[in-house]
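# Observations on the three-dimensional arrangement
Okay, here's what each chain looks like letter by letter:
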Amino acid sequence: VTSLLHLDSSPARDSVSRQLTALFADTWRSRHGSAGYTYRDLAADQVPLVGPAYCTLGQRVIARGLIPPAELAALMESDAEAREWALTWPLIDEVLAADTVLVGVPMHNFSIPASLKAWIDQVTFPGAFTDPDIHDSLLRGTKVVVVTARGGAYGPGTPREAYDFQMPYLRTYFSGLGVQDLHFVHAELTRAAHTPGLAHFQPQAAHSLAAARDAVITLASRLQAAPDVVNQI
Ligand SMILES: Cc1cc2nc3c(=O)[nH]c(=O)nc-3n(C[C@H](O)[C@H](O)[C@H](O)COP(=O)(O)O)c2cc1C
């Protein structure tokens, strides 16, 4: 079964990133059915911050050389470590099981929301995505689609281009995990209609949203190879 892991991280009721990831998921399900679909709402169901036991266990795994997660139970030295691993492993397993990972990401203070960062820290346990035999990434064949929503505009040539710590961070993160099939879709100027100083950007905002909708439908239906970065104003 083809599988999709859908993550959302916006706390907003009128979230634009959620609207776009839902459109992706609907398009994907109409093609592949619901059997392989998994949803996780990181804003509503928050992943805890990593604690001391996570650090201790992670350091022990690194010191031993990376070991398969299934063998990790033998390395536990406390109940706190076992509890931490019981939180971490299901998150890792969801990513490993997914052919496609879809991530909805609001821009918060030029970067990603804390709820998504908490998930990233928890799921990126040492060796979790590395094949212990050949020391290569287990995510080389995984497709990752990141859908961002921003109140402003950060595309090439805009005054705030250098303020974008959201896409560069996520690109570095997923590439670092070994993901090769990585796509970004941006809806920009999402606050134009509600922010007096940005009101004159409403046409660009509408254009950005329409282009983002087209891009997620294209990516979800794989009708054609999509460009790496689409729709940035
Ligand atoms: C806590 C918070 C911080 C934000 N920081 C920024 C920011 O730094 N730059 C920006 O362009 N928009 C910022 N915004 C606006 C959001 O990026 C915008 O509302 C976007 O649509 C959020 O995605 P969502 O609609 O899926 O929630 C911020 C919004 C919130 C709630």
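Preceding this paragraph is the structure being described.
So, here's what we can say about the structure. (Residues numbered from 1 in each chain as written. Predicted model: local features only at pLDDT ≥ 70, side-chain atom pairs only at ≥ 80, totals over all residues. Heavy atoms only, no water.)

This part covers helix H2 (residues 52-64). Every α-helix winds through 3.6 residues per turn, so residues three or four apart in the chain are directed the same way. The terminal C-alpha atoms of H2, which comprises 13 residues, lie 19 Å apart, in line with the 18 Å expected from a rise of 1.5 Å per residue. Of all the residues in H2, the buried ones are Ala-53, Tyr-54, Leu-57, Gly-58, Arg-60 and Val-61. End-on view of H2: buried residues confined to an arc of 160°, all on one side of the axis. The outward face of H2, more than 90 degrees from its buried face, is lined by the exposed residues Pro-52, Gln-59, Ile-62 and Ala-63. As for H2, its buried residues are in contact with helix H3 (79-97) and helix H4 (114-123). A positive backbone phi angle near 90° is found at Gly-65, which sits one or two residues after H2. (Helix = DSSP H or I, 4+ residues; strand = E, 2+ residues; numbered from the N terminus. Expected span 1.5 Å × (residues − 1). Buried < 20%, exposed > 50% of the residue type's maximum accessible area, 1.4 Å probe, protein only. Arc of directions from axis to C-beta. Contact = heavy atoms within 4.5 Å.)

Before going further, it helps to spend a moment on unusual backbone geometry. The phi torsion of most residues other than glycine is negative, and most of the peptide bonds are trans. For Phe-110, which is not a glycine, the phi torsion comes out positive at approximately 70°. Tracing the sequence through the fold places Phe-110 in the loop between strand S3 (100-106) and H4.

With that settled, consider the layout of surface pockets. The calculated volume of the largest pocket comes to roughly 240 Å³. Lining the largest pocket are 16 residues, and of these Ala-12, Val-16, Ala-149, Thr-190 and Arg-191 sit closest to its centre. In terms of residue class, the lining of the largest pocket is made up of six nonpolar, seven polar and three charged. In this structure, the second largest pocket spans a volume of roughly 200 Å³. (1 Å grid on protein atoms, 1.4 Å probe; cavity = no way out; pocket = protein on both sides within 12 Å on 5 of 7 lines; lining within 4 Å. Points joined across faces, edges and corners; volume = space filled by probe spheres on them. Nonpolar A, V, L, I, M, F, W, Y, C, P; charged D, E, K, R; others polar.)

A word on the pattern of salt bridges. Oppositely charged side chains can form a pair if their charged atoms are brought close together. Here the structure, examined in full by the defined rule, presents 11 salt bridges. Among the ionic pairs, Arg-60 bridges to Glu-77, the shortest N-O distance being 3.4 Å. Of the two residues, Arg-60 is situated in helix H2 and Glu-77 in the loop between H2 and H3; the sequence distance between them amounts to 17 residues. Judged by relative accessible area, Arg-60 falls into the buried class, the value being 12%. A single network of salt bridges, built from pairs that share partners, joins Asp-8, Arg-18 and Asp-41. (Salt bridge = Lys/Arg side-chain N within 4 Å of Asp/Glu carboxyl O.)

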